[in-house]
Amino acid sequence: MRPNIFISKIILNNFRSHENFSIDSSSKNIVLFGKNGVGKTNILESISLLSPGRGLRNAKNDEIINKKNDINYGLTADVKLNDSSIKIQKIYIKDNPHKSKLLIDDEKSKTSDLLNFLRVIWVTPVMEKIMLQSNSERRNFFDRLIFNIEKKHLRSFTAYNKFTKERLHILKSNIADEGWLGQIEKNIAQYASDIIEYRQIAIDQINTNLSLISLPFNSCVIDLIYDDVLKVSVTKEEFIFNYTNILSNNRQIDRDMNRTLIGPNKVEVKMWKLEDRLIEAKHCSTGEQKSILISIILSVGQIIRDSEFANSPIILIDEAMAHLDQHHREALVDELSKLNTQSWFTGVSKEIFAHLDDDATFFEVKNS
(Lines give C-alpha, C1' and ligand atoms only; values in the text may rest on other atoms or scores of the structure.)
Protein backbone atom coordinates (compact mmCIF):
# COMPACT_ATOMS: atom_id res chain seq x y z
CA MET A 1 0.00 0.00 0.00
CA ARG A 2 1.33 3.43 -0.98
CA PRO A 3 2.05 5.84 1.94
CA ASN A 4 -0.38 8.71 2.42
CA ILE A 5 2.51 11.16 2.26
CA PHE A 6 5.52 10.76 -0.01
CA ILE A 7 7.94 12.82 -2.05
CA SER A 8 7.35 12.23 -5.75
CA LYS A 9 10.19 14.37 -7.09
CA ILE A 10 13.27 16.22 -5.86
CA ILE A 11 15.16 18.85 -7.88
CA LEU A 12 18.49 20.27 -6.63
CA ASN A 13 20.32 23.27 -8.06
CA ASN A 14 23.82 24.19 -6.94
CA PHE A 15 23.34 22.06 -3.82
CA ARG A 16 26.68 20.83 -2.45
CA SER A 17 28.15 18.43 -5.06
CA HIS A 18 25.01 18.55 -7.24
CA GLU A 19 24.94 21.41 -9.73
CA ASN A 20 21.74 20.07 -11.31
CA PHE A 21 20.05 16.95 -10.02
CA SER A 22 16.56 15.50 -10.11
CA ILE A 23 14.95 12.21 -9.22
CA ASP A 24 11.41 10.92 -9.63
CA SER A 25 10.65 9.16 -6.39
CA SER A 26 7.08 7.97 -6.15
CA SER A 27 8.05 4.56 -4.79
CA LYS A 28 7.64 3.50 -1.17
CA ASN A 29 11.38 2.77 -0.87
CA ILE A 30 14.10 4.83 -2.55
CA VAL A 31 17.62 3.42 -2.62
CA LEU A 32 20.48 5.76 -3.53
CA PHE A 33 23.60 3.69 -4.16
CA GLY A 34 27.06 4.45 -5.47
CA LYS A 35 30.66 4.93 -4.51
CA ASN A 36 31.67 6.92 -1.45
CA GLY A 37 31.87 10.64 -2.07
CA VAL A 38 29.42 10.86 -4.98
CA GLY A 39 26.82 12.83 -3.01
CA LYS A 40 24.28 10.27 -1.75
CA THR A 41 24.08 11.83 1.69
CA ASN A 42 23.77 15.27 0.10
CA ILE A 43 20.46 14.15 -1.42
CA LEU A 44 19.20 12.94 1.95
CA GLU A 45 20.34 16.23 3.47
CA SER A 46 18.18 18.14 0.98
CA ILE A 47 15.14 16.09 2.06
CA SER A 48 15.94 16.70 5.72
CA LEU A 49 15.69 20.43 4.97
CA LEU A 50 11.99 19.91 4.28
CA SER A 51 11.66 20.05 8.06
CA PRO A 52 12.41 23.00 10.37
CA GLY A 53 16.07 23.54 11.21
CA ARG A 54 19.40 22.97 9.49
CA GLY A 55 18.88 19.39 8.45
CA LEU A 56 20.80 16.23 9.20
CA ARG A 57 24.23 17.92 9.05
CA ASN A 58 23.20 21.04 10.98
CA ALA A 59 24.91 23.03 8.20
CA LYS A 60 24.81 26.75 7.57
CA ASN A 61 23.66 28.03 4.19
CA ASP A 62 27.13 29.02 3.02
CA GLU A 63 28.36 25.49 3.72
CA ILE A 64 25.82 24.00 1.30
CA ILE A 65 26.34 26.19 -1.77
CA ASN A 66 28.26 24.43 -4.55
CA LYS A 67 31.59 26.24 -4.56
CA LYS A 68 32.06 25.76 -8.31
CA ASN A 69 29.30 28.24 -9.08
CA ASP A 70 29.07 31.69 -7.58
CA ILE A 71 25.27 31.65 -7.54
CA ASN A 72 22.36 30.89 -5.21
CA TYR A 73 21.19 27.38 -4.50
CA GLY A 74 17.86 25.78 -3.89
CA LEU A 75 15.73 22.70 -3.79
CA THR A 76 12.26 21.87 -5.03
CA ALA A 77 10.14 18.97 -3.80
CA ASP A 78 6.82 17.72 -5.08
CA VAL A 79 4.99 16.11 -2.17
CA LYS A 80 1.88 13.96 -2.46
CA LEU A 81 -0.54 14.35 0.43
CA ASN A 82 -3.36 11.85 0.42
CA ASP A 83 -5.39 12.92 -2.63
CA SER A 84 -3.65 16.26 -3.17
CA SER A 85 -0.12 17.55 -3.77
CA ILE A 86 2.04 20.54 -2.86
CA LYS A 87 5.27 22.05 -4.13
CA ILE A 88 7.90 23.07 -1.58
CA GLN A 89 10.78 25.32 -2.61
CA LYS A 90 13.73 26.47 -0.55
CA ILE A 91 15.92 29.16 -2.07
CA TYR A 92 19.09 30.32 -0.37
CA ILE A 93 20.58 33.68 -1.27
CA LYS A 94 24.37 33.65 -1.56
CA ASP A 95 24.77 37.38 -0.89
CA ASN A 96 22.79 37.04 2.35
CA PRO A 97 23.46 33.52 3.64
CA HIS A 98 21.54 34.16 6.86
CA LYS A 99 18.37 34.57 4.81
CA SER A 100 16.45 31.91 2.97
CA LYS A 101 13.12 31.85 1.22
CA LEU A 102 10.59 29.09 1.73
CA LEU A 103 7.67 28.81 -0.69
CA ILE A 104 4.81 26.36 -0.29
CA ASP A 105 2.71 26.30 -3.45
CA ASP A 106 4.41 29.60 -4.40
CA GLU A 107 3.31 31.29 -1.16
CA LYS A 108 5.98 32.63 1.20
CA SER A 109 5.92 30.53 4.36
CA LYS A 110 7.65 29.99 7.70
CA THR A 111 9.72 26.88 8.30
CA SER A 112 7.33 25.85 11.07
CA ASP A 113 4.59 25.64 8.40
CA LEU A 114 6.35 22.58 6.98
CA LEU A 115 5.06 20.54 9.94
CA ASN A 116 1.53 21.10 8.68
CA PHE A 117 2.29 18.99 5.62
CA LEU A 118 4.97 16.42 6.37
CA ARG A 119 7.35 15.16 9.04
CA VAL A 120 10.90 13.99 8.30
CA ILE A 121 13.13 12.01 10.68
CA TRP A 122 16.46 10.31 10.03
CA VAL A 123 19.22 7.96 11.08
CA THR A 124 22.84 8.84 10.23
CA PRO A 125 26.22 7.35 11.21
CA VAL A 126 26.92 10.39 13.42
CA MET A 127 23.70 9.79 15.38
CA GLU A 128 24.82 6.26 16.20
CA LYS A 129 27.12 7.83 18.80
CA ILE A 130 24.31 9.79 20.50
CA MET A 131 24.77 7.86 23.76
CA LEU A 132 28.44 8.93 23.86
CA GLN A 133 28.00 12.55 22.80
CA SER A 134 27.57 15.59 25.04
CA ASN A 135 24.43 16.16 27.02
CA SER A 136 23.49 19.17 24.88
CA GLU A 137 23.74 17.02 21.73
CA ARG A 138 21.41 14.41 23.26
CA ARG A 139 18.99 17.16 24.27
CA ASN A 140 19.03 18.60 20.76
CA PHE A 141 18.53 15.11 19.30
CA PHE A 142 15.37 14.53 21.32
CA ASP A 143 14.06 18.08 20.89
CA ARG A 144 14.18 17.63 17.12
CA LEU A 145 12.26 14.38 17.37
CA ILE A 146 9.72 16.02 19.68
CA PHE A 147 9.20 18.88 17.18
CA ASN A 148 7.89 16.19 14.83
CA ILE A 149 5.66 14.64 17.47
CA GLU A 150 4.22 17.92 18.76
CA LYS A 151 4.63 20.97 16.55
CA LYS A 152 3.61 23.26 19.45
CA HIS A 153 6.92 22.32 21.05
CA LEU A 154 8.74 24.04 18.17
CA ARG A 155 6.58 27.16 18.55
CA SER A 156 7.28 27.32 22.29
CA PHE A 157 10.98 26.66 21.74
CA THR A 158 11.22 29.43 19.13
CA ALA A 159 9.31 31.90 21.30
CA TYR A 160 11.41 31.04 24.36
CA ASN A 161 14.64 31.74 22.46
CA LYS A 162 13.22 34.97 21.05
CA PHE A 163 12.25 36.35 24.47
CA THR A 164 15.49 35.26 26.19
CA LYS A 165 17.48 37.09 23.51
CA GLU A 166 15.29 40.16 23.93
CA ARG A 167 15.72 40.05 27.71
CA LEU A 168 19.51 39.81 27.43
CA HIS A 169 19.54 42.72 24.99
CA ILE A 170 17.60 44.85 27.49
CA LEU A 171 19.87 43.81 30.36
CA LYS A 172 23.01 44.62 28.37
CA SER A 173 21.53 47.95 27.27
CA ASN A 174 20.76 48.99 30.88
CA ILE A 175 17.25 50.06 29.86
CA ALA A 176 15.34 50.78 33.06
CA ASP A 177 11.82 49.55 32.34
CA GLU A 178 10.74 47.14 35.06
CA GLY A 179 7.27 46.62 33.60
CA TRP A 180 8.59 45.68 30.16
CA LEU A 181 11.30 43.42 31.57
CA GLY A 182 8.86 41.79 33.98
CA GLN A 183 6.42 40.95 31.18
CA ILE A 184 9.21 39.46 29.05
CA GLU A 185 10.31 37.29 31.98
CA LYS A 186 6.74 36.12 32.50
CA ASN A 187 6.58 35.19 28.79
CA ILE A 188 9.86 33.29 29.14
CA ALA A 189 8.48 31.40 32.14
CA GLN A 190 5.28 30.52 30.26
CA TYR A 191 7.16 29.09 27.28
CA ALA A 192 9.67 27.33 29.53
CA SER A 193 6.76 25.60 31.24
CA ASP A 194 5.37 24.52 27.85
CA ILE A 195 8.77 23.20 26.71
CA ILE A 196 9.19 21.08 29.84
CA GLU A 197 5.62 19.78 29.54
CA TYR A 198 5.84 18.88 25.83
CA ARG A 199 9.20 17.21 26.35
CA GLN A 200 7.96 15.05 29.20
CA ILE A 201 4.75 14.00 27.43
CA ALA A 202 6.74 12.97 24.34
CA ILE A 203 9.45 11.16 26.33
CA ASP A 204 6.76 9.24 28.22
CA GLN A 205 5.25 8.21 24.89
CA ILE A 206 8.64 7.15 23.52
CA ASN A 207 9.41 5.13 26.68
CA THR A 208 6.03 3.39 26.44
CA ASN A 209 6.69 2.43 22.82
CA LEU A 210 10.24 1.33 23.59
CA SER A 211 8.95 -1.01 26.27
CA LEU A 212 7.07 -2.86 23.52
CA ILE A 213 10.04 -3.17 21.15
CA SER A 214 10.59 -6.76 20.10
CA LEU A 215 13.76 -8.59 19.16
CA PRO A 216 16.13 -8.25 17.41
CA PHE A 217 16.04 -4.55 18.37
CA ASN A 218 17.18 -3.31 21.76
CA SER A 219 15.09 -1.10 24.01
CA CYS A 220 16.08 1.64 26.44
CA VAL A 221 14.60 4.04 28.99
CA ILE A 222 15.03 7.82 28.71
CA ASP A 223 15.01 10.21 31.69
CA LEU A 224 14.99 14.02 31.73
CA ILE A 225 16.55 15.44 34.89
CA TYR A 226 16.20 19.18 35.60
CA ASP A 227 17.75 21.39 38.25
CA ASP A 228 15.78 21.43 41.50
CA VAL A 229 14.56 24.97 40.78
CA LEU A 230 12.86 23.69 37.61
CA LYS A 231 11.13 20.68 39.12
CA VAL A 232 7.69 20.30 37.58
CA SER A 233 5.97 18.73 40.60
CA VAL A 234 4.24 22.08 41.23
CA THR A 235 1.27 23.39 39.26
CA LYS A 236 1.83 25.28 36.01
CA GLU A 237 0.85 28.57 37.67
CA GLU A 238 3.29 27.97 40.55
CA PHE A 239 6.06 27.10 38.12
CA ILE A 240 5.54 30.29 36.09
CA PHE A 241 5.46 32.38 39.29
CA ASN A 242 8.60 30.75 40.72
CA TYR A 243 10.59 30.84 37.49
CA THR A 244 9.63 34.48 36.83
CA ASN A 245 11.07 35.34 40.25
CA ILE A 246 14.24 33.38 39.48
CA LEU A 247 14.73 35.34 36.26
CA SER A 248 14.14 38.61 38.09
CA ASN A 249 16.65 37.74 40.81
CA ASN A 250 19.25 36.55 38.27
CA ARG A 251 19.26 39.63 36.05
CA GLN A 252 22.74 40.78 37.06
CA ILE A 253 24.20 37.26 36.78
CA ASP A 254 22.62 36.65 33.38
CA ARG A 255 23.81 40.05 32.19
CA ASP A 256 27.38 39.29 33.22
CA MET A 257 27.27 35.76 31.77
CA ASN A 258 25.46 36.96 28.61
CA ARG A 259 23.10 34.00 28.81
CA THR A 260 20.09 32.77 30.74
CA LEU A 261 21.80 30.70 33.43
CA ILE A 262 18.74 28.75 34.54
CA GLY A 263 16.24 27.46 31.99
CA PRO A 264 14.71 24.38 30.35
CA ASN A 265 17.82 23.76 28.26
CA LYS A 266 19.70 22.97 31.46
CA VAL A 267 18.45 19.40 31.53
CA GLU A 268 20.37 16.16 31.85
CA VAL A 269 19.30 13.47 29.37
CA LYS A 270 19.95 9.96 30.67
CA MET A 271 19.56 6.85 28.53
CA TRP A 272 19.42 3.49 30.31
CA LYS A 273 19.67 -0.03 28.93
CA LEU A 274 16.80 -1.40 31.07
CA GLU A 275 14.05 -0.17 33.37
CA ASP A 276 16.15 -1.02 36.43
CA ARG A 277 18.40 1.90 35.39
CA LEU A 278 21.57 0.09 36.42
CA ILE A 279 23.43 0.35 33.10
CA GLU A 280 23.57 3.49 30.97
CA ALA A 281 23.20 3.00 27.23
CA LYS A 282 26.61 4.60 26.69
CA HIS A 283 28.14 1.47 28.26
CA CYS A 284 26.35 -0.87 25.84
CA SER A 285 28.11 -2.44 22.89
CA THR A 286 28.30 -0.56 19.60
CA GLY A 287 25.79 -3.00 18.10
CA GLU A 288 23.34 -2.47 20.96
CA GLN A 289 23.66 1.31 20.61
CA LYS A 290 22.88 1.17 16.88
CA SER A 291 19.90 -1.05 17.65
CA ILE A 292 18.66 1.32 20.37
CA LEU A 293 18.89 4.30 18.00
CA ILE A 294 16.82 2.50 15.36
CA SER A 295 14.30 1.51 18.04
CA ILE A 296 13.91 5.16 19.06
CA ILE A 297 13.38 6.29 15.45
CA LEU A 298 10.81 3.54 14.84
CA SER A 299 9.03 4.42 18.08
CA VAL A 300 8.86 8.10 17.14
CA GLY A 301 7.54 7.14 13.71
CA GLN A 302 4.72 5.18 15.34
CA ILE A 303 3.88 8.07 17.68
CA ILE A 304 3.72 10.54 14.77
CA ARG A 305 1.49 8.16 12.79
CA ASP A 306 -0.88 7.76 15.75
CA SER A 307 -0.92 11.48 16.66
CA GLU A 308 -3.26 14.19 15.41
CA PHE A 309 -1.03 14.41 12.33
CA ALA A 310 -2.32 10.90 11.51
CA ASN A 311 0.35 10.10 8.91
CA SER A 312 3.72 8.40 9.06
CA PRO A 313 6.86 10.50 8.68
CA ILE A 314 9.29 10.21 5.81
CA ILE A 315 12.33 8.33 7.15
CA LEU A 316 15.90 8.80 5.91
CA ILE A 317 18.41 6.03 6.63
CA ASP A 318 21.97 7.00 5.73
CA GLU A 319 24.39 4.07 5.38
CA ALA A 320 22.86 2.25 8.36
CA MET A 321 21.92 -0.90 6.43
CA ALA A 322 25.57 -1.74 5.77
CA HIS A 323 26.21 -1.85 9.51
CA LEU A 324 23.35 -4.23 10.30
CA ASP A 325 23.34 -8.00 10.00
CA GLN A 326 20.81 -9.68 7.74
CA HIS A 327 18.41 -10.39 10.62
CA HIS A 328 18.31 -6.71 11.64
CA ARG A 329 17.97 -5.54 8.02
CA GLU A 330 14.95 -7.73 7.43
CA ALA A 331 13.40 -6.73 10.75
CA LEU A 332 13.93 -3.02 9.98
CA VAL A 333 12.30 -3.32 6.57
CA ASP A 334 9.41 -5.20 8.16
CA GLU A 335 8.89 -2.45 10.77
CA LEU A 336 9.08 0.29 8.14
CA SER A 337 6.52 -1.60 6.08
CA LYS A 338 4.16 -1.69 9.09
CA LEU A 339 4.60 2.07 9.45
CA ASN A 340 3.67 2.47 5.77
CA THR A 341 6.21 5.24 5.37
CA GLN A 342 8.31 6.38 2.44
CA SER A 343 11.88 5.40 3.31
CA TRP A 344 15.07 6.71 1.68
CA PHE A 345 18.23 4.62 1.98
CA THR A 346 21.84 5.14 0.98
CA GLY A 347 24.54 2.51 0.49
CA VAL A 348 27.58 1.66 -1.56
CA SER A 349 26.00 -1.44 -3.09
CA LYS A 350 22.43 -2.20 -4.08
CA GLU A 351 22.85 -5.86 -3.11
CA ILE A 352 22.32 -5.16 0.61
CA PHE A 353 18.81 -3.92 -0.23
CA ALA A 354 17.72 -7.08 -2.05
CA HIS A 355 15.16 -7.85 0.66
CA LEU A 356 13.09 -4.71 -0.07
CA ASP A 357 9.66 -5.34 -1.51
CA ASP A 358 8.76 -4.70 -5.14
CA ASP A 359 7.77 -1.07 -4.48
CA ALA A 360 11.35 0.21 -4.57
CA THR A 361 13.34 2.50 -6.85
CA PHE A 362 17.10 1.99 -7.16
CA PHE A 363 19.04 5.06 -8.30
CA GLU A 364 22.77 5.00 -8.90
CA VAL A 365 24.38 8.27 -7.88
CA LYS A 366 27.49 9.24 -9.81
CA ASN A 367 29.89 12.15 -9.66
CA SER A 368 28.38 15.30 -11.16
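Fair warning: this is a prediction, and the values are worked out from it, not measured in the lab.

Visitor: Would you take a moment to explain the sheet that holds strand E3 (residues 29–33) for this structure?
Guide: What holds strands together in a sheet is hydrogen bonding between their backbones, with the strands either parallel or antiparallel. One open sheet accounts for five strands, arranged E8-E11-E12-E3-E13; its pairing is parallel. Whereas interior strands pair on both sides, the edge strands pair on one side only; in this sheet they are strand E8 (120–123) and strand E13 (360–364). Between one strand axis and the next, the sheet turns through 15° on average, direction left out of account. Here E3 runs beside E13; their pairing, made up of five bridges, is parallel. The residue bridging Leu32 from the neighbouring strand is Phe363, located in E13. On top of the sheet, helix H8 (residues 286–306) reaches E8 and strand E11 (314–318); it is set at about 170° to E8, its chief contact.

Visitor: Please explain unusual backbone geometry as it appears in this structure.
Guide: Trans peptide bonds make up the majority, and among non-glycine residues the majority have a negative phi. The omega torsion across Leu215 and Pro216 is 15°, close enough to zero to call that bond cis. Within the element layout of this structure, Pro216 appears in the loop between helix H5 (178–210) and strand E9 (221–226). You will see that Arg277, though not glycine, has its phi angle at about 55°, which is positive. Residue position: Arg277 is located in the loop between strand E10 (267–272) and H8.

Visitor: How should the packing of helix H3 (residues 135–149) against helix H4 (residues 151–173) be read in this particular structure?
Guide: Packed helix pairs are characterised by how far apart their axes lie and by the angle those axes make with each other. Relative orientation of the contacting elements H3 and H4 amounts to 125°, with a least axis distance of 5 Å. As judged from the angle between their axes, H3 and H4 are oblique. Here Asp143, Ile146, Phe147 and Ile149 of H3 lie close against H4, whose contacting residues are Lys151, His153, Leu154 and Phe157. Classifying every residue of the contact of H3 with H4 by side-chain character gives five nonpolar, one polar and two charged.

Visitor: Explain the packing of aromatic side chains to me, please; I cannot follow it from the model alone.
Guide: Geometrically, a pair of aromatic rings is defined through the distance of the ring centres and the angle of the planes. Here the structure, examined in full by the defined rule, presents six aromatic pairs. The interplanar angle of 70° and the centroid separation of 5.5 Å between the aromatic rings of Phe147 and Phe157 together place this pair among those described as edge-to-face. You can see Phe147 sitting in helix H3 and its partner Phe157 sitting in helix H4, a full 10 residues away along the chain. Of the two residues examined, Phe147 and Phe157, each falls in the buried class.

Visitor: Got a minute to help me understand the packing of H4 against H5 in this structure?
Guide: Taken N-terminus to C-terminus, the directions of H4 and H5 make an angle of 150°; their axes are 8 Å apart at the nearest point. The angle between the axes of H4 and H5 places the two elements in the roughly antiparallel class. Both H4 and H5 take part in a crossing whose hand is left-handed. Side by side, H4 and H5 meet where Lys152, His153, Ser156, Phe157, Ala159, Tyr160, Phe163, Thr164, Glu166, Arg167, Ile170 and Leu171 of the first sit next to Trp180, Leu181, Ile184, Glu185, Asn187, Ile188, Tyr191, Ala192, Asp194, Ile195, Tyr198 and Arg199 of the second. In terms of residue class, the contact of H4 with H5 is built from 14 nonpolar, four polar and six charged.

Visitor: I'm lost on the layout of surface pockets in this one. Help?
Guide: Rolled over the atoms, a probe sized like a water molecule indicates the empty space that remains. Estimated volume of the second largest pocket: approximately 280 Å³. Lining the second largest pocket are 13 residues; nearest its centre among them are Ile149, Glu150, Lys151, Ser307 and Glu308. Secondary-structure elements contributing two or more residues to the lining of the second largest pocket are H4 and H5. Element by element, the count of residues in the lining of the second largest pocket is highest for H5, at four residues.

Visitor: Quick question: what am I supposed to make of the state of the cysteines here?
Guide: Linking two cysteines covalently via their sulfur atoms produces the bond known as a disulfide. If you walk through the whole model with that rule in mind, you get zero disulfides. Of the cysteine sulfurs around Cys220, a residue in no disulfide, the closest is that of Cys284, at 8.7 Å. Judged by its relative accessible area of 2%, Cys220 falls in the buried class. By relative accessible area, which is 11% here, Cys284 ends up buried.

Visitor: Explain the pattern of salt bridges here, please?
Guide: Oppositely charged side chains can form a pair if their charged atoms are brought close together. Across all of its chains, the model carries 23 salt bridges by this definition. Ionic pairing is found between Glu45 and Arg57, a salt bridge with its closest N-O pair at 2.8 Å. Taken as a pair, Glu45 in helix H1 (residues 40–48) and Arg57 in the loop between H1 and helix H2 (61–64) lie far apart in primary sequence, 12 residues in all. A residue is classified by how much of its surface remains accessible, and Arg57, at 37% relative accessible area, is partly exposed.

Visitor: What exactly am I supposed to notice about helix H6 (residues 236–249) here?
Guide: Since there are 3.6 residues in each turn of an α-helix, residues three or four apart along the chain are aligned in direction. Compared with an ideal rise of 1.5 Å per residue, which puts 14 residues at 20 Å, H6 spans 20 Å between its outermost C-alpha atoms and is within 8% of the ideal. Inspection of H6 places Phe239, Ile240, Tyr243, Thr244, Ile246 and Leu247 among the buried residues, and these make up the whole buried set. Seen along its axis, H6 keeps its buried residues to an arc of 160°; they face one direction. Exposed side of H6, more than 90 degrees from the buried face: Glu237, Phe241 and Asn249 are the residues found there. Of the surrounding secondary structure, the elements contacted by the buried residues of H6 are H4, H5 and helix H7 (251–257).

Visitor: Which parts of the structure should I look at to understand the side chain of Asn340?
Guide: Tracing the backbone through its elements, the reader meets Asn340 in the loop between helix H9 (326–339) and strand E12 (343–347). Side chain to side chain, Asn340 and Lys28 meet in a polar contact 3.4 Å long. Those residues in contact with Asn340, other than ones at most four positions away along the chain, are Met1, Arg2, Pro3, Lys28 and Ser312.

About the thresholds
Residues numbered from 1 in each chain as written. Predicted model: local features only at pLDDT ≥ 70, side-chain atom pairs only at ≥ 80, totals over all residues. Heavy atoms only, no water. Pairing = 2+ DSSP bridges. Helix = DSSP H or I, 4+ residues; strand = E, 2+ residues; numbered from the N terminus. Axes fitted to C-alpha atoms, helices over the stretch in contact; angles between N-to-C directions. Contact = heavy atoms within 4.5 Å. Parallel < 35°, antiparallel > 145°, perpendicular 65-115°, else oblique. Nonpolar A, V, L, I, M, F, W, Y, C, P; charged D, E, K, R; others polar. Phe/Tyr/Trp six-rings, centres within 6.5 Å; stacked < 30°, edge-to-face > 60°. Buried < 20%, exposed > 50% of the residue type's maximum accessible area, 1.4 Å probe, protein only. Left-handed = near helix turned anticlockwise from the far one by under 90°. 1 Å grid on protein atoms, 1.4 Å probe; cavity = no way out; pocket = protein on both sides within 12 Å on 5 of 7 lines; lining within 4 Å. Points joined across faces, edges and corners; volume = space filled by probe spheres on them. Disulfide = S-S within 2.5 Å. Salt bridge = Lys/Arg side-chain N within 4 Å of Asp/Glu carboxyl O. Expected span 1.5 Å × (residues − 1). Arc of directions from axis to C-beta. Polar contact = N/O pair within 3.5 Å; in protein donor to acceptor, adjacent residues only side chain to side chain.

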